[in-house]
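# Overview (structure and organization)
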Amino acid sequence: MNIRHHLDDATLMAYAAGTLVPGMALLVACHLESCADCRDRLAQAEAVGGALLEELPPVALDSDNALASVLGLLDSEPPAAAAPAPLSGARAGGPAMPKVLAQHLDGRDFDALEWRSLAPGVKQIDLHPGGAGATRLLRFAPGVSVPHHSHRGNELTLVLRGSYNDEVGRFCAGDVADLDDQVAHQPLNDANEDCICLIATDAPLRFSGLMGRLVQPFIGM
Amino acid sequence: MREEWTACLARMAETRDRALFARLFEHFAPRVKAYLIRLGMAPAQADELAQEAMLSVWRKAHLFNPGKANASTWIFTLARNLCIDRLRREKMPCYELDADMPDGDDRDAGEGAVISDRLAACIRRLPEAQAQVLYMSYYDGRSHSEIAEVLGIPLGSVKSRLRLAFDKLKAMWGESS
């Protein structure tokens, strides 16, 4: 996969620090699966966490026996973790589906999902991973554009299938648009197949223009 | 020396030696507890979770790759994930690579440890404004929007301060290779 648009360093630091809302963390994990460049920078951001862990003045454990009691547990079996459902097929969810997203969707392919129609040529699925903001899959047909909008907080968009063009550039499968409240954009699907994106925000979007304000209540983002 | 802990963890993963685990526990459990308290966790819960984190150090040691991270970084990520799982009652989404997919350049463990020592020194030298946002993010667990609100500065300024800090810290990797 030839990735040209990457995660911002600040976003990778937030993922490393564990402070992203769940939907944005999910999207970051999806991009990391296919992007060695961002994995390298994440390793550096996590090393910052490791260095900071060493800098903290240690706080003694409450019990002098803490070590003994943990040593006593070393042979015990880990509690039966909610094992992720074994995903069948060569690549659960299809080749365009990151594994961590396939887990979230119980291994269903994009075409097997229940898309909700928003406007002609635009469909979406709300993923509800919890936390502030919204996380959804958006699917828009060739020649269709998403209403012009800006953001109050951050918006991450990961292209899963197809491509789009906007004020920022051209985004293909694997590319991520990492935008903050300074950018307004209007993605247009200029290819001849549906474009499917995973989009995660940490605050509601601001739509501009009458069309945008009309659809906002329906999109609910 | 941090290098020593990385070698210790790698050796424990190989030999399953409990004496090595005990050494790692004595060093890291109080630091993980301190980190969890800084994140806002009640001391009793932090105590319990620090023990749980050390238990997962033992159980997941086979996943530790000294070419990717040093001991403190790896243990930091385990503690962070446990904390998220506990606070949000959901899993920290982590990426999974295909077994046959190469994952960047492996460094040798010694090199990673040198980087870590330099990294700590470099963090101490950051300008106040950059160190502040770094600490608020990693230690206080605040999102960038929350930091912007607390400091009364635009979100973009929080992110650019973090980027500036990260650029300085990233230079450590360049220097050592």
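Everything numeric here is computed off the predicted structure, so don't read it as measured data.

One broad trend across soluble globular proteins is that nonpolar side chains are buried collectively. Among the nonpolar cores identified, the biggest contains 111 residues, and L101 and L137 of chain A together with Y138 of chain B are the most heavily contacted of them. Residues lining this core come from more than one domain, with at least three contributed by each of domain 1 (2-89) and domain 2 (110-175) of chain B. Apart from the residues within four sequence positions on either side, Y138 of chain B is in contact with M13, A16, A17, A45, V48, G49 and L52 of chain A together with Y35, L39 and F76 of chain B. Counting residues in hydrophobic clusters, the runner-up holds 14 residues, among them V146, F171, L179 and I199 of chain A.

Next up on the list: the sheet that holds strand β8 (residues 176-179) of chain A. Residues and elements named next belong to chain A. The six strands lie next to each other as β1-β2-β3-β9-β5-β8, forming an open sheet whose pairing is antiparallel. Of all the strands in the sheet, the pair left with one neighbour each is β1 (116-119) and β8. Neighbour-to-neighbour, the strand axes of this sheet turn through a mean angle of 25 degrees, independent of strand direction. In terms of strand pairing, strand β2 (residues 122-126) meets strand β3 (residues 135-140) through five bridges, oriented antiparallel. Bridge pairing in β3 places D126 opposite R136.

Turning to the confidence of the model for chain B, a few remarks are in order. Mean pLDDT over chain B stands at 88; residues scoring 70 or higher make up 86%. Predicted complex, confidence summary: ipTM 0.92, pTM 0.90.

Between helix α1 (residues 9-17) of chain A and helix α6 (residues 128-138) of chain B, the shortest axis-to-axis distance is 9 Å and the interhelical angle comes to 40 degrees. Of the possible angle classes, the one that applies to α1 of chain A and α6 of chain B is oblique. Facing α1 of chain A, whose interface residues are M13, A16 and A17 of chain A, α6 of chain B presents L134, S137 and Y138 of chain B. Residues belonging to the contact of α1 of chain A with α6 of chain B are distributed by class as follows: five nonpolar, one polar and no charged.

Glancing now at the UniProt feature "domain: RNA polymerase sigma factor 70 region 4 type" (unreviewed entry) in chain B. Following the UniProt record, the feature "domain: RNA polymerase sigma factor 70 region 4 type" (unreviewed entry) maps to residues 117-169 of chain B here. Secondary structure content for residues 117-169 of chain B is 79% helix and 0% strand, while the C-alpha to C-alpha distance between its ends is 12 Å.

Our next topic: helix α3 (residues 43-59) of chain B. Helix length check: α3 of chain B (17 residues) gives 24 Å between terminal C-alpha atoms against 24 Å at 1.5 Å per residue, within 8%. All of the buried residues along α3 of chain B are A46, D47, L49, A50, Q51, A53, M54, L55, S56, V57 and W58 of chain B.

Procedures and definitions
- Residues numbered from 1 in each chain as written.
- Chains lettered and ligands numbered in written order.
- Predicted model: local features only at pLDDT ≥ 70, side-chain atom pairs only at ≥ 80, totals over all residues.
- Heavy atoms only, no water.
- Core = buried A, V, L, I, M, F, W, Y, C linked by side-chain atoms within 4.5 Å.
- Buried < 20%, exposed > 50% of the residue type's maximum accessible area, 1.4 Å probe, protein only.
- Domains from an automatic or database assignment.
- Contact = heavy atoms within 4.5 Å.
- Pairing = 2+ DSSP bridges.
- Helix = DSSP H or I, 4+ residues; strand = E, 2+ residues; numbered from the N terminus.
- Axes fitted to C-alpha atoms, helices over the stretch in contact; angles between N-to-C directions.
- pLDDT = per-residue confidence, 0-100.
- Parallel < 35°, antiparallel > 145°, perpendicular 65-115°, else oblique.
- Nonpolar A, V, L, I, M, F, W, Y, C, P; charged D, E, K, R; others polar.
- UniProt positions renumbered as here; feature names shortened; annotations may be inferred.
- Expected span 1.5 Å × (residues − 1).

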